[in-house]
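Residue-level structural notes
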Amino acid sequence: MTLAEERLRQLDNPSLTADERALLRCRVAAEFIHTGQYEVAREALGEFWRGVGERPDLEGLAEGTAAEVLLQVGALSGWLGASSQAAGSQGAAKDLISESAALFESLGEANRAAAARGELALCYWREGAYGEARVLLEEAAARISGDAELEAKTALRRAVVETAAGRYSDSLRLLTESAPLFEESTNHALKGSFHNELAIALQLLGEAQRRRDYADRAIIEYTAAAYHFGQARHERYVARIENNLAFLLYKLGRYADEHEHLDYAQSIFTNLKDAGSLAQVDETRARVLVAEEKYREAQRILAGALQTFEQGGDSAFLADALTVQGVILARLGLHESSAAVLRRAADMAESLGAHGNARLALITLVEEHGARRALPSDEVYDAYLRADRLLEGARDAEDVARLRACARVVMRRLAGVQIHDQDFSFYEAVQELEAKIIEQALEESGGSVVKAARLLGLTHQTLGTMLSQRHKSLSEKRTPRAKRRRSIIKRPKD
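Overview of the structure. Here the structure is a predicted model, which is why all the values come from computation and not from measurement.

**Some points on the overall build of the protein**
Within the protein, the secondary structure is distributed over 23 helices and zero strands. Overall, the protein is about 105 × 65 × 40 Å in size when its C-alpha atoms are taken along their principal axes. Here the protein, with 494 residues, has 49% of them falling under the buried criterion. Partitioning the intrachain contacts of the protein with sequence separation of at least 6 by distance along the chain shows that 61% fall at a separation of at least 24. When the accessible surface of the protein is split by element, carbon and sulfur atoms take 50% of a total near 24,900 Å².

**Examining the nonpolar core**
Counting residues in each nonpolar core, the largest one holds 128 residues, and the members touching the most others are Val 69, Leu 76 and Leu 302. Per-element accounting of this core gives the leading share, 10 residues, to helix H4 (residues 63-84). The residues touching Leu 302, leaving out its near neighbours within four places in the chain, are Glu 283, Ala 286, Ala 321, Val 324, Gln 325 and Ile 328. If you look at the next biggest cluster of nonpolar residues, it comprises 11 residues, including Ile 438, Val 449, Met 466 and Leu 474.

**Side note on the packing of aromatic side chains**
Within this structure, the stated rule accounts for six aromatic pairs. For the ring pair Phe 229 and Tyr 237, a centre distance of 4.9 Å and an interplane angle of 85 degrees mean the geometry is edge-to-face. The residues Phe 229 and Tyr 237 share a single accessibility class, namely buried. Ring centres 5.5 Å apart and planes at 55 degrees place the aromatic pair Phe 247 and Tyr 250 in the tilted group. Taken together, the residues Phe 247 and Tyr 250, both in helix H12 (residues 235-251) and three residues apart, mark about one turn of the helix.

**Remarks on helix H5 (residues 89-106)**
Taking 1.5 Å of rise per residue, the 18 residues of H5 would be expected to cover 26 Å, and the 26 Å separating its terminal C-alpha atoms lies within 8% of that figure. When H5 is considered as a whole, its buried residues turn out to be Ser 89, Gln 90, Ala 93, Lys 94, Leu 96, Ile 97, Ser 100, Ala 101, Leu 103 and Phe 104. Looking at the packing, one finds that the buried side of H5 touches H4 and helix H6 (110-127). Trailing H5 by a residue or two, Gly 108 shows a phi angle of about 75 degrees, which is positive.

**Remarks on the state of the cysteines**
Overall, the coordinates contain zero disulfides when judged by the stated rule. Left unpaired, Cys 26 is separated from the closest cysteine sulfur, that of Cys 123, by 16 Å.

**Re the environment of Tyr 295**
Along the chain, Tyr 295 turns up in helix H15 (residues 295-312). Exposure remark for Tyr 295: the relative accessible area of 17% places this residue in the buried category. C-alpha separation for the pair Tyr 295 and Glu 207, spaced 88 residues apart in sequence, amounts to 25 Å. When residues no more than four places from it in sequence are discounted, the contact partners of Tyr 295 are Val 290, Ile 328, Arg 331 and Leu 332.

**Some remarks on the pattern of salt bridges**
In total, this model carries 29 salt bridges according to the counting rule given. The shortest N-O distance in the salt bridge between Glu 379 and Arg 343 comes to 2.4 Å. Placement of Glu 379 in helix H19 (residues 377-390) and of Arg 343 in helix H17 (residues 335-351) is noted, with a sequence separation of 36 residues between them. Its relative accessible area of 32% is what places Arg 343 among the partly exposed residues. Counted as one network, the salt bridges with shared partners bring together Glu 39, Arg 236, Arg 240 and Asp 274.

**Focus: unusual backbone geometry**
Notably, Lys 273 is not glycine yet its phi reads approximately 55 degrees, a positive angle. Residue placement: Lys 273 occurs in the loop between helix H13 (255-272) and helix H14 (275-291). A relative accessible area of 72% means that Lys 273 is categorised as exposed. Even without being a glycine, Glu 293 presents a positive backbone phi close to 65 degrees. Checked against the element boundaries, Glu 293 lands in the loop between H14 and H15.

**Quick look at the side chain of Asn 187**
Note on placement: Asn 187 falls in the loop between helix H9 (168-183) and helix H10 (188-209). For Asn 187, a relative accessible area of 18% puts it in the buried group.

**Some points on the side chain of Arg 285**
Within the secondary structure layout, Arg 285 lies in helix H14. Here Arg 285 falls in the buried class, since its relative accessible area comes to 9%. Setting aside its immediate chain neighbours within four residues, Arg 285 contacts His 259, Leu 262, Asp 263, Gln 266 and Ile 301.

About the cut-offs
- Residues numbered from 1 in each chain as written.
- Predicted model: local features only at pLDDT ≥ 70, side-chain atom pairs only at ≥ 80, totals over all residues.
- Heavy atoms only, no water.
- Helix = DSSP H or I, 4+ residues; strand = E, 2+ residues; numbered from the N terminus.
- Buried < 20%, exposed > 50% of the residue type's maximum accessible area, 1.4 Å probe, protein only.
- Contact = heavy atoms within 4.5 Å.
- Areas by Shrake-Rupley, 256 points an atom, 1.4 Å probe, with all protein chains shown as cover.
- Core = buried A, V, L, I, M, F, W, Y, C linked by side-chain atoms within 4.5 Å.
- Phe/Tyr/Trp six-rings, centres within 6.5 Å; stacked < 30°, edge-to-face > 60°.
- Expected span 1.5 Å × (residues − 1).
- Disulfide = S-S within 2.5 Å.
- Salt bridge = Lys/Arg side-chain N within 4 Å of Asp/Glu carboxyl O.

In structure tokens form, the structure reads like this:
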């Protein structure tokens, strides 16, 4: 019997006051939340749990007790909402936790207020708002005093946010500096989380710097994480380790081994009815199937993951999944749809501050569509420049190599059509050059068709016909046609 289960039995004690009973429920729920047993945590909260994001009845409770109940209900709402991908769950969880933090602040309980800020940061992290999460965790870390476990949890969460934002070196530094806190802990779940996050940081930094030794270290850390989560009976996190390890094996090209780990993770998440985590497993599997050139199967599997991420408002995971979808659509010959999806992925990731993810989407756009004449040269060039800007300050060797390859594609496009190009067509080459010259004229004339036609030595009727028939994509470059005014002079009747 675990400590949490022993405490749960203490609820049968009739001598407990309302506040003592409520605090006991919160302590037990907190332990179950920490070990990923969210359904059991819900039962532990008893009458205080009314549903995801629902405010508990706090009547008759002291302010400190009420703050603790709000914190645990809010934290559990965040985790359950992420698991089921329930729309609006993170916003509701933030409201509950924010109220809790304010109460703790008013009572002068700095450590509990810091704990609440840490849980609030997780809600922002799930939404992809990494900047807000970072600020909250830095504030929390500065306020903690005399609580080593809370310090460790906060350091771990700071590393999680930095990894999600693509700042792998910062994540590794935070984990290395805080390692003594985890070594001294007797909490297996906390140790498992540390080794897992360290493995992720090593894996991603190894890819960025092409350090195979980091990949080997990551496998060791994943193994350690699996051991500690197993000791903690943390089944959900064991499955996450399997998914993370599968992704690492995918990057190493060991596809057969990866499917075994994904199957195991999928079976656990299916039993737990964890839709959000199942979607992550499906996204990883879709990547493997793309590498194996099984595009139809990859499209089928990824479709469910995309729907789950869309419904749950999980923008960070959605942006990554959209990039994978963009590749699949391109390989299936659905080029226009692919380009649109990759544009959306880049915009979404950049808006979240996930520059590495946005850069990847833009590089993929140039790789998959840069050589195709259907994608305008200026868009290819703009995508390359944007990816190059997002690379500033990063030391990702793989992305640098891919961006250099993209530069060659862009230079070839800007050089114009060559007679030895694959699928060369004289008429398409002439039409492309014609479009470039018309576009320049429209830009120089401020979108005026009349002025552009004068620059080109054409009548405005001729240029208008060319825009409406051969160069419809340039229509947005022209100013809207002005309506002709009706004459105020009445024509004489016959």
